[in-house]
Amino acid sequence: MSHEALEQSQARGLPALWVASFPINESDALLRFFAAQEGSLSIKARGILKASSKLAPFLQSGDELLIRSAAARSAQAAGAAHGALRVLTGLSVAHGHPVWRSGLDHSALWWWMLDCCCAASAAPLQNSEMFQLLVNLLRSEPAAAALPACACVFSLKLLAIHGLLPDFSSCAVDGHRLAPDEPAFLLPSGEGLIGRDVFNARYARSAAELPRIDAPRRLRWQRLLHGALLDYPAARVDAVDAALLIRLATQHIGDLSQQRLETAEFLARQWKLQDPVAPA
């Protein structure tokens, strides 16, 4: 985004999601947001930590915000480039989503999804696609029973945005197309599936443990990937789907960003997820 376009968007209010606050001193903090196009974005907020702050109450996890900012006076005087730190001038709630703060099962999923997108922050097009994915899932406000399906569709769509989604139709080793009823196994690096013959030849007699992905599960993942996003509650996913796809997305986004996503560990503990492995 050009400097002029950024200034225009800031005047209107930039759509963003609050990620975290980092105190600078007793009254000021550095606020981290995930914004459309800009992706991960840090803005200085003067006086935000004061009890009298009128903006602090707007910083609620899961709410869609409009933020306004301006270049710091020192940066303006120095003629600093667009990348210079900006100062918060206004903040409002565009859409509130308190359901995402209603319990730890919801909150844990939201923190992980937001963490993935911040870690994968990249070019404006990808940032916009990730932001829209987050916002659409926020607005779907899933019931507790639909949270695993929400995690699954997010994982699949996020990996597709970044071109990191494995091929669920073919063996990653010999390239043969997996038969409709053929079980497959997820490689340790997460880069693809292998068929039954490759598994038996290379892994069955070793100590390696690979998650088994049976044909109905592969089909379910493909339907989630290619179907309408907000149809996910009807997907009838299970805890195994959620465990595998959360791990897959975390692995790829962690490798991409060279970051450890501790929110994934919290989510797995909160949901009591365990990764199934193939029998020896």
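Whatever comes next refers back to the structure up there.
Residues numbered from 1 in each chain as written. Predicted model: local features only at pLDDT ≥ 70, side-chain atom pairs only at ≥ 80, totals over all residues. Heavy atoms only, no water.

What follows is about the overall build of the chain. A count of helices and strands for the chain gives 9 helices and 8 strands. Every one of the 280 residues in the chain was classed for burial, and the buried ones make up 47%. Long-range pairs, those at least 24 residues apart, make up 65% of the contacts in the chain with a sequence separation of at least 6. (Helix = DSSP H or I, 4+ residues; strand = E, 2+ residues; numbered from the N terminus. Buried < 20%, exposed > 50% of the residue type's maximum accessible area, 1.4 Å probe, protein only. Contact = heavy atoms within 4.5 Å.)

Between two packed helices, both the angle of their axes relative to each other and the distance between the axes serve to describe the pair. Running from amino to carboxyl end, helix α3 (residues 104-119) crosses helix α4 (residues 124-140) at an angle of 170°, the nearest separation of the two axes being 10 Å. Comparing their axes, α4 and α3 come out roughly antiparallel. Every residue of α4 that contacts α3 at W110, M113, L114 and C117 is listed here: M130, L134, L137 and L138. (Axes fitted to C-alpha atoms, helices over the stretch in contact; angles between N-to-C directions. Parallel < 35°, antiparallel > 145°, perpendicular 65-115°, else oblique.)

The residue S53 is located in the loop between β3 (39-45) and β4 (64-71) in this model. Assessed through its relative accessible area of 16%, S53 is described here as buried. Ignoring any residue separated from it by four or fewer positions in sequence, one finds S53 in contact with G47 and I48.

Moving on: the pattern of salt bridges. Across all of its chains, the model carries 7 salt bridges by this definition. The residue R139 makes a salt bridge to E64 at a minimum N-O spacing of 2.7 Å. On the criterion of sequence distance, the pair formed by R139 in helix α4 and E64 in strand β4 is long-range, its members being 75 residues apart. For R139, a relative accessible area of 44% translates into the label partly exposed. One network of salt bridges, with partners in common, ties together R217, R220, D238 and D241. (Salt bridge = Lys/Arg side-chain N within 4 Å of Asp/Glu carboxyl O.)

As far as function goes, none of this settles anything; it's purely spatial.
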